[in-house]
Structure formats: C-alpha cells, structure tokens
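One-letter residues, chain by chain:
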Amino acid sequence: MEGQGEPRWLSPDERDAWISLSWLMVKLPGEIDAQLQRDSGISFFEYLVLAALSMSPDRCLRMSDLAQHANGSVSRLSNVAKRLEQRGWMRRAPSAENGRYIEATLTEAGMAVVEQAAPGHVAAVRRYVFDALTPEQVTGLRDIGRQIASQVEGEHPGTPSLGRALRRP
C-alpha cells in the first residue's frame, strides 16, 4: 500500500511472548474443555453459559448479553441453549419488561449442574494457571489480561466491559 513503510516486526522478546501466548490461547481452552467433559459431561462453552446465568441477578440474562458473556455468537448460543433446555437446565422466554428480547433463565437443575461442575473446574484452573504463578505474577496476569482485553474490546464495540463482568453476589 502506498504510504506504508516496512511492517513493525516483532522483536525477539515480543516474538517469544507471542508464541507463548498463542500456544496458551490454543491449548488451555482444550484442556479446560476436556476436564469439564470428563468430569461433568458439559463443554467449556456450556459451562460459561451456565456459570454466567448462575452469577446473574435472578439467574437471568438477555440472550444477546449471555452470548457476549460467553464470548459466542447468538446463533451458537441458540444451538447450545436448545440443548440446555432439553436437559432442563435453562429456559428461554420473552422478557417481561420488553417482549422484543428473549431472556435465558437458569433452572434449579441447571444450578445443580454448575454447583457440581465448579469444584473440578476451579481445581483445573488452579492447576493449569494459578499454581504455576507467584502472587505478583497473578496480579501481573490480571493487569495484562485487562490491558489486552481493553485493546480488543476497543476494536469490537458492544462487547461486555470488564467492569461489568459477572461476579458472584
């Protein structure tokens, strides 16, 4: 392209960091998914959906918001929601406040699934991530994760803000 110079190539340290991060982005979700499938019979995406609902007020979210929290498309979430409904773990219905929106609600059976899956999931996260880090590195990981997420979110308006991340009451 006219007016553009040489690309800003990565330095050796940046390249090494990028290779490590890339490996992590590919490998870690697969390990987490395998643990959840083995121990609880659910996928990582299903767990993200159920956990997001479990931490929401009244265990209820608009489908569009739930898709953002689970980092999936609305169509992917719709397919998963159908399976979760068939299992009796969630239900969908038009919003009482605005019928144009569909809301997903976690059922008691769905909450039981989250409560059963959470200990093994947390143990895997601890084993793969936090047991390998010092407290200072955990703080650094948090800060780095937030900074990178902020960069990515800035390129994709409408994604959930980290400040609005779901938290257990």
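Since the structure is predicted, the reported quantities are computational estimates derived from the model, not experimental observations.

Take the packing of helix α2 (residues 44–54) against helix α4 (residues 74–86) next. Packing of α2 against α4 leaves a shortest axis separation of 11 Å and a crossing angle of 80°. With respect to their mutual orientation, α2 and α4 come out roughly perpendicular. From α2, F45, E46, V49 and L50 reach across to α4, where they touch R76, L77, V80, R83 and L84. For the contact of α2 with α4, a count of residues per class yields 6 nonpolar, no polar and 3 charged.

Another aspect to go through is the nonpolar core. By size, the foremost hydrophobic cluster in this structure holds 29 residues, and its most contacted members are I42, V49, L50, L53 and L66. If you tally residues by element for this core, the top one is α2, at 7 residues. If near-sequence neighbours (up to four positions away) are discounted, L53 is found in contact with R59, C60, L61, L66, M90, A104, T105 and L106.

Here the focus is α2. Of all 11 residues making up α2, 9 are buried, and the element is well covered by its neighbours. Every buried residue of α2 is accounted for by F45, E46, Y47, V49, L50, A51, A52, L53 and S54.

This part takes up the environment of G88. The residue G88 is located in the loop between α4 and β2 (90–94) in this model. Between the C-alpha atoms of G88 and L106, which are 18 residues apart in sequence, the distance is 9.1 Å. Filtering out sequence-adjacent residues up to four positions away, G88 remains in contact with T107, A109 and G110.

Cut-offs and rules
Residues numbered from 1 in each chain as written. Predicted model: local features only at pLDDT ≥ 70, side-chain atom pairs only at ≥ 80, totals over all residues. Heavy atoms only, no water. Axes fitted to C-alpha atoms, helices over the stretch in contact; angles between N-to-C directions. Helix = DSSP H or I, 4+ residues; strand = E, 2+ residues; numbered from the N terminus. Parallel < 35°, antiparallel > 145°, perpendicular 65-115°, else oblique. Contact = heavy atoms within 4.5 Å. Nonpolar A, V, L, I, M, F, W, Y, C, P; charged D, E, K, R; others polar. Core = buried A, V, L, I, M, F, W, Y, C linked by side-chain atoms within 4.5 Å. Buried < 20%, exposed > 50% of the residue type's maximum accessible area, 1.4 Å probe, protein only.

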